[in-house]
Amino acid sequence: MREKRKRRRRRRIRAAGRVDGMPKFRACRQCKALTDGDICPICGSKDLTVHWEGIVVIIDPIRSQVAEYLGIKRAGMYALRVLG
Amino acid sequence: MERPFLFFTIKVPSGQEANIMRFLKARAESSGVQVMSLVFVPKMRGYIFAESARSYDVSKLVRGISRAKLLPADPVTFQEIENLLMKEPEKVSIEVGDVVRIIKGNFKGYQAKVAAITESEKGTVLILNLVGFGKSWEIKMPVEYVKVVESHSEES
């Protein structure tokens, strides 16, 4: 019973990590935040683009060195570079 | 203030970085593991860097995910990651008539004269006339691929 539960849990975790195809994220031209919606979750702008590269996920913006280097002050998912 | 954070490498399938990063972000927020950030650089497909003080936190984050594996290699320092992070290129003032040297691409080493400057989806593109050829040869090149040798305003 315990083994069965363990196996089911493992399968559930594995399934969560397996998502086929890249989600169509778009980057905000103002703050570089990535979103799969129509509005930027950080600044609320509608100026989004599909031309971006690199991803940075900031979990703790106060302690993160990457956030400090890139000048990011809010947690979230950002593009490294917005191309156009 | 000295920060002891290091970057631990996570191996993921190439092309699945965005999905896995989104999943790891949700997991880190809900479980409260001490991971500060995750970085994916396009030059290094299939690898994610996790910023944390201890490898234990990162291994706890990826535990149970079959597609993400924490590599047992030595952690990377911020100085090495800094080189990979691309900051926006500094805006160089290039004008029509400037002589530039091509520093990247097929025409590397050649000199050219700027004929026009256009804006495209991928950024600023220059239309250049190669110097030193018998006939005029027009090429298109991104602004990052050239370096100003002689400014038009200096000449006049």
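Right above here is the structure, for reference.
Quick summary incoming for the structure in this document.

Rules used throughout
- Residues numbered from 1 in each chain as written.
- Chains lettered and ligands numbered in written order.
- Predicted model: local features only at pLDDT ≥ 70, side-chain atom pairs only at ≥ 80, totals over all residues.
- Heavy atoms only, no water.
- Buried < 20%, exposed > 50% of the residue type's maximum accessible area, 1.4 Å probe, protein only.
- Helix = DSSP H or I, 4+ residues; strand = E, 2+ residues; numbered from the N terminus.
- Pairing = 2+ DSSP bridges.
- Patch = residues over 30% accessible without salt bridge, like charges linked within 9 Å, V, L, I, M, F, W, Y side chains within 5 Å.
- Areas by Shrake-Rupley, 256 points an atom, 1.4 Å probe, with all protein chains shown as cover.
- Salt bridge = Lys/Arg side-chain N within 4 Å of Asp/Glu carboxyl O.
- Phe/Tyr/Trp six-rings, centres within 6.5 Å; stacked < 30°, edge-to-face > 60°.
- Lys NZ or Arg CZ within 6 Å of the ring centre and 35° of its normal.

A word on the pairing of strand 8 (residues 138-142) of chain B
All names here are of chain B.
- Alternating residues of strand 8 divide into Ile139 and Met141, all buried, and Glu138, Lys140 and Pro142, none buried.
- Pairing of strand 7 (residues 123-130) with strand 8, which is carried by 5 bridges, proceeds in the antiparallel orientation. Its bridge partner being in strand 8, valine 125 is matched across the sheet by proline 142.

Examining the side chain of serine 45 of chain A
- Checked against the element boundaries, serine 45 of chain A lands in the loop between strand 2 (34-35) and strand 3 (48-49).
- Given the relative accessible area of 13%, serine 45 of chain A is considered buried.

Side note on a nonpolar patch on the surface
All names here are of chain B.
- Taken together, the side chains of Tyr110, Phe133 and Trp137 present a nonpolar region at the surface, about 290 Å² in accessible area.
- With respect to the element layout, tryptophan 137 can be found in the loop between strand 7 and strand 8.
- Look at tryptophan 137 and you get partly exposed, because its relative accessible area is 40%.

Quick look at the pairing of strand 1 (residues 6-11) of chain B
Residue and element names in this part refer to chain B.
- Where strand 1 and strand 3 (residues 47-52) come together, 6 bridges link them in antiparallel fashion. Counted as the bridge partner of threonine 9 is phenylalanine 49 from strand 3.
- Taken together, the 2 bridges between strand 1 and strand 4 (residues 69-70) define a ladder with antiparallel strand orientation. The partner of lysine 11 across the bridge, within strand 4, is lysine 69.

Details of the packing of aromatic side chains
Residue and element names in this part refer to chain B.
- Overall, the coordinates contain 4 aromatic pairs over all chains when judged by the stated rule.
- Consider the rings of phenylalanine 107 and tyrosine 110, whose centres lie 6.1 Å apart with planes at 70 degrees: the pair is edge-to-face.
- Look at phenylalanine 107 and you get buried, because its relative accessible area is 18%.
- Above the plane of the ring of tyrosine 47 lies lysine 11, whose end atom (NZ or CZ) is 4.9 Å from the centre.

Shape descriptors only; they carry no functional weight alone.
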